[in-house]
Amino acid sequence: MADTLELELGSLPLDGWHRARGGRMVPFAGYHMPVQYEGIIAEHRWTRQHAGLFDVSHMGQLMLRGPQVAEALETLLPGDITGLQPGRIRYSMLLNETGGIIDDLMVTNVTPTGGEPTYYMVVNGATKAGDIADLRRRLPAEITIEHLDDRALLALQGPEAAAVVEAIWPGVGDELSFMQGTSRDWEGVAVGFGRSGYTGEDGYELSVPNSHAEKLADLLVSDERVRPIGLGARDSLRLEAGLPLYGHDLDEQTTPVSADLLFAINKRRRADGGFAGSDRILAEIEQGPVARRIGFTVEGRQPVREGGRILDAEGNEVGRVTSGGFSPSLEAPIGMGYVATTLGAPGTALTLEQRGKLFRATVTPMPFVPHRYHRKGKA
Amino acid sequence: MSLHFTKEHEWIRVEGDTATVGITDHAQHQLGDIVFAEAPEAGKQLAKGGDAAVVESVKAASDVYAPASGEVVEANPAIADDPSIINSDPEGEGWFFKLRLSDPSELDALMDEAAYRDWVATL
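Residues numbered from 1 in each chain as written. Chains lettered and ligands numbered in written order. Predicted model: local features only at pLDDT ≥ 70, side-chain atom pairs only at ≥ 80, totals over all residues. Heavy atoms only, no water.

**Examining the UniProt feature "domain: Aminomethyltransferase C-terminal" (unreviewed entry) in chain A**
- UniProt's feature table lists "domain: Aminomethyltransferase C-terminal" (unreviewed entry) at residues 292–369 of chain A, given in the numbering used throughout.
- Here residues 292–369 of chain A runs as 0% helix and 56% strand, with 20 Å between its end C-alpha atoms. (UniProt positions renumbered as here; feature names shortened; annotations may be inferred. Helix = DSSP H or I, 4+ residues; strand = E, 2+ residues; numbered from the N terminus.)

**A few points about the UniProt feature "domain: GCVT N-terminal" (unreviewed entry) in chain A**
- The feature "domain: GCVT N-terminal" (unreviewed entry), as given by UniProt, occupies residues 16–267 of chain A in the numbering adopted here.
- As a span, residues 16–267 of chain A carries 25% helix and 31% strand, and end to end its C-alpha atoms are 47 Å apart.

**Quick notes on the packing of aromatic side chains**
Residues and elements named next belong to chain A.
- Counting across every chain of the model gives six aromatic pairs over all chains.
- Ring centres 3.9 Å apart and planes at 5° place the aromatic pair Phe 178 and Tyr 373 in the stacked group. Note that Phe 178 is positioned in the loop between α7 (172–175) and β10 (181–186) and Tyr 373 in the segment after β19 (357–364), a separation of 195 residues in sequence.
- Classification of Tyr 373 as buried rests on a relative accessible area of 13%. (Phe/Tyr/Trp six-rings, centres within 6.5 Å; stacked < 30°, edge-to-face > 60°. Buried < 20%, exposed > 50% of the residue type's maximum accessible area, 1.4 Å probe, protein only.)

**Digging into the interface of chain B and chain A**
- Chain B puts 16 residues into the contact, and the matching count from chain A is 16 residues.
- Our count for the contact surface shared by chain B and chain A stands at four salt bridges.
- Between B:Glu56 and A:Arg355 there is a salt bridge; the shortest N-O distance is 3.6 Å.
- Our count for the contact surface shared by chain B and chain A stands at 12 residue pairs in polar contact (both at pLDDT 80 or more).
- Contributions of two or more residues to the side of chain B that touches chain A are made by α1 (25–31), β4 (34–38) and β6 (51–57) of chain B.
- The residue makeup of the side of chain B that touches chain A, split by class, is eight nonpolar, four polar and four charged. (Contact = heavy atoms within 4.5 Å. Salt bridge = Lys/Arg side-chain N within 4 Å of Asp/Glu carboxyl O. Polar contact = N/O pair within 3.5 Å; in protein donor to acceptor, adjacent residues only side chain to side chain. Nonpolar A, V, L, I, M, F, W, Y, C, P; charged D, E, K, R; others polar.)

**Describing the environment of A:Glu286**
- Turning to its location among the elements, A:Glu286 is positioned in helix α11 (residues 278–287).
- Given the relative accessible area of 67%, A:Glu286 is considered exposed.

**A word on the side chain of A:Asp223**
- When you line up the elements, A:Asp223 lands in the loop between α8 (213–221) and β13 (226–228).
- A polar contact is formed between the side chain of A:Asp223 and the side chain of A:Arg225, at a distance of 2.8 Å.

**So, the UniProt feature "modified residue: N6-lipoyllysine" (unreviewed entry) in chain B**
- UniProt annotation of "modified residue: N6-lipoyllysine" (unreviewed entry) refers to B:Lys59 when read in the numbering used here.
- Within the secondary structure layout, B:Lys59 lies in the loop between β6 and β7 (61–65).
- By relative accessible area, which is 41% here, B:Lys59 ends up partly exposed.
- The contacts of B:Lys59, once residues within four sequence positions are left out, are A:Ile40, A:Gly232, A:Asp235 and A:Arg305.

**Overview of the pairing of strand β18 (residues 349–354) of chain A**
All names here are of chain A.
- For strand β15 (residues 309–311) and β18, the ladder comprises three bridges, and the chain directions are antiparallel. Looking at β18, one finds that Ile 310 is bridged to Leu 352.
- Between β18 and β19, which pair antiparallel in sequence order, lie two residues; one of them, Arg 355, sits at a positive phi of approximately 45°. (Pairing = 2+ DSSP bridges.)

**Section: the sheet that holds strand β14 (residues 291–298) of chain A**
All names here are of chain A.
- Strand order in the closed barrel formed by six strands is β14-β17-β16-β15-β18-β19, with antiparallel pairing between adjacent strands. Averaged over all pairs of adjacent strands, the angle between strand axes in this sheet comes to 40°, irrespective of strand direction.
- Relative to β19, β14 is paired through four bridges, and the arrangement is antiparallel. In the strand pairing of β19, Phe 296 is matched with Val 363.
- The strands that helix α9 (residues 231–240) touches are β16 (317–327) and β17 (332–340); relative to β16, the one it contacts most, it runs at about 120°. (Axes fitted to C-alpha atoms, helices over the stretch in contact; angles between N-to-C directions.)

**Regarding helix α5 (residues 128–138) of chain A**
Residues and elements named next belong to chain A.
- Within α5, burial applies to Lys 128, Asp 131, Asp 134, Leu 135 and Arg 138. The buried residues of α5 all sit within an arc of 125° when viewed along its axis, so they share a single face. The outward face of α5, more than 90 degrees from its buried face, is lined by the exposed residues Ala 129 and Arg 137.
- For α5, the elements touching its buried residues are β2 (31–36), β4 (60–65), β5 (89–95), β6 (101–109), β7 (118–123) and β8 (144–147). (Arc of directions from axis to C-beta.)

**Comments concerning the packing of helix α3 (residues 40–49) of chain A against α9(A)**
Residues and elements named next belong to chain A.
- Between α3 and α9, the shortest axis-to-axis distance is 8 Å and the interhelical angle comes to 55°. As far as their axial angle goes, α9 and α3 are oblique. Helix-helix and strand crossings are classified by hand; for α3 and α9 the assignment is right-handed. Across from Ile 40, Glu 43, His 44, Thr 47 and Arg 48 in α3, the residues of α9 making contact are Gly 232, Ala 233, Ser 236, Leu 237 and Glu 240.
- When grouped by side-chain class, the residues that make up the contact of α3 with α9 number three nonpolar, four polar and three charged. (Parallel < 35°, antiparallel > 145°, perpendicular 65-115°, else oblique. Left-handed = near helix turned anticlockwise from the far one by under 90°.)

**Structural notes on the confidence of the model for chain A**
- Scored by pLDDT, chain A has a mean of 95; 97% of the residues are at 70 or more.
- Here residues 1–5 of chain A is modelled with pLDDT under 50, and outside its nearest four sequence neighbours on either side it reaches zero contacts, counting other chains as well. (pLDDT = per-residue confidence, 0-100.)

**A few points about the pattern of salt bridges**
All names here are of chain A.
- Applying the stated criterion across every chain, the model contains 34 salt bridges over all chains.
- The salt bridge partner of Glu 201 is Arg 372, with a shortest N-O separation of 3.0 Å. Of this pair, Glu 201 sits in the loop between β11 (189–194) and β12 (203–209) while Arg 372 sits in the segment after β19; the two residues are 171 residues apart in sequence, bridging distant segments of the chain.
- A residue is classified by how much of its surface remains accessible, and Glu 201, at 2% relative accessible area, is buried.
- Ionic pairing is found between Asp 260 and Arg 292, a salt bridge with its closest N-O pair at 3.3 Å. Of this pair, Asp 260 sits in the loop between α9 and α10 (267–272) while Arg 292 sits in strand β14, and the two are 32 residues apart along the sequence.

See below:
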């Protein structure tokens, strides 16, 4: 079985580039991906202090075009898509008919001036095939869905990312604030820039044709402020940032309300509804969800991993750990999971159980490490 | 003194009737940055092949098994205070525990250093 799986794994455009730089490759989302280079803790700290280059080419890049595409997307996504101006990015979720999360995603309005409404969407790697099939089935036939599988996606993240981008593409660093996108011609191809990411740091995601992926990666790491970073540090960074990971902290049994992602449903959409599962979701907003995603810190040094049980004071199971690990920034174990809403207030003491051993934990506000996004009006 | 290795990547160094146990350089390299280690307390009886200690890297938890049966006589306090010494000196300062062997003949089934290094090279 393992051999068959190995044969079916795909190779991404930067596969050889990672191996040449000592990346330790592991199977992830159907591809060989680098989990680490020099070590997860060093890579994590480098990203928090300088700029880390992540290959996220396993993720799905889609282009949706056609009349009323924003209105059509609003039937599936709870986010404000019709109000999203060209050049703006929004975090949202693809929902099933009962309000469960099929995937979480980023949408950018890339409609050209006076042109056909066009939206660029980045979805998770492990779910992209299902997402595309689901979108095709549920969106009107006149909307075209193009899978940009000829493009790589790189994420440059960290406090020095903007200066690196500005040095290579003067103007891009200054032009964009958090959740804004643009594009440039570079070496004869179009490179897409989104000032976004999933580490809690300021940074960019860069979409580039596969043919130019190595050239772009080489250019970025030629700046001494940039080092290649593996998926291991990406996971510890996003956990410190309090960001949920699909397939772990989110799934089709989770709603945006229980996942604590209400920021992604604006006032208009709450008032009007009209999206998949909106009856249930609006009722949950009104009444409060039964269970809610929370963050916690653990006493001692031993991490409690995904699957650990969360117990109340009487030893009853009140939830499960969905992500857990060691925070390199805090030098302490942290995690997230779901608990009965009555036990979700910050400061609440929890008991965790992992492999028969009990741990003392405390509900802690997220993010565990403050976000450092570049928002408009800030230096 | 004799040094033996298991296929689970533990080493055991025998001096007289006590033995020191740790994980190999190959094991620490595979685990990556180690953030937590828990050695068994003195007085605990271990059976060959049974759970003896826990080691956790940033990414995953692993069990350390007893290479031989016996009574734990000492746990290394240094690895609890600074688990990174298991990365930096796994076959020296990063030892886990010392054991009073109950059946030294169990060691005969383990690999010597040359056999272990040869075997790891094939992994």
